Amino acid sequence: MTKSELVANLTTLNLLLPSNLVEEGANEILEKMVSALAMGERIEIRGFGSFSIRDREGRVARNPKSGESVKLEAKTVVHFKAGKKLKECVDLV
């Protein structure tokens, strides 16, 4: 599902809200999540999952096409852990 599909679905569920307000709300939520992660905070949405920041060490990898060694620098990545309810819902499908 894309962000525009999410906004369209939320708009059909809430006929009293115009789509531009729903889109602004979705954008605001995503911006707050990004800024919280950028500050190193953890985000937990009960039943859905949690987002956190992890540091990944530098390493030597191989180019699969040429077999040449490539040095990868250390970096910070976003980690998502699915919540119990999300795991149960996905398992039913």
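Small disclaimer: the values here were computed from a predicted structure and weren't measured.

Novice: Honestly, the pattern of salt bridges in this entry has me stumped. Any pointers?
Specialist: If the charged atoms of two oppositely charged side chains come close together, the side chains can form a pair. One pass over the full model with this rule turns up three salt bridges. Where Lys 32 meets Glu 28, a salt bridge forms, and the shortest distance between an N and an O atom there is 3.7 Å. In this pair, Lys 32 and Glu 28 both sit in helix H2 (residues 19-38), four residues apart, roughly one turn of the helix. Taking relative accessible area as the criterion, Lys 32 reaches 52% and is therefore assigned exposed. With a shortest N-O distance of 3.1 Å, Glu 44 and Arg 42 are connected by a salt bridge. What makes Glu 44 partly exposed here is its relative accessible area of 43%.

Novice: Can you help me understand the domain arrangement of the protein chain in this one?
Specialist: By a widely used convention, the size of an interface equals the accessible area lost when the partners come together. On domain assignment, one finds that the protein chain holds domain 1 (1-40) and domain 2 (42-92). Averaged C-alpha coordinates put domain 1 and domain 2 at centres separated by 24 Å. In this complex, domain 1 contributes four residues to the contact, which on the side of domain 2 involves seven residues. Roughly 450 Å² of surface becomes buried between domain 1 and domain 2 when both sides are summed, with 86% attributable to carbon and sulfur atoms.

Novice: Explanation requested: the sheet that holds strand S2 (residues 49-56) in the structure shown.
Specialist: As a general point, the strands of a sheet are linked pairwise by backbone hydrogen bonds and lie either parallel or antiparallel. If you trace the three strands from one edge of the open sheet to the other, you get S1-S2-S5, paired in antiparallel fashion. Each edge of the sheet is formed by a strand with only one pairing partner; in this case those strands are strand S1 (43-45) and strand S5 (75-82). Within the sheet, the average angular offset between the axes of one strand and its neighbour, ignoring direction, is 25°. Relative to S5, S2 is paired through eight bridges, and the arrangement is antiparallel. Each bridged residue has a counterpart across the sheet, and for Phe 51 the counterpart in S5 is Phe 80.

Criteria and cut-off values
Residues numbered from 1 in each chain as written. Predicted model: local features only at pLDDT ≥ 70, side-chain atom pairs only at ≥ 80, totals over all residues. Heavy atoms only, no water. Salt bridge = Lys/Arg side-chain N within 4 Å of Asp/Glu carboxyl O. Helix = DSSP H or I, 4+ residues; strand = E, 2+ residues; numbered from the N terminus. Buried < 20%, exposed > 50% of the residue type's maximum accessible area, 1.4 Å probe, protein only. Domains from an automatic or database assignment. Contact = heavy atoms within 4.5 Å. Buried area = accessible area lost by both parts, 1.4 Å probe. Pairing = 2+ DSSP bridges. Axes fitted to C-alpha atoms, helices over the stretch in contact; angles between N-to-C directions.

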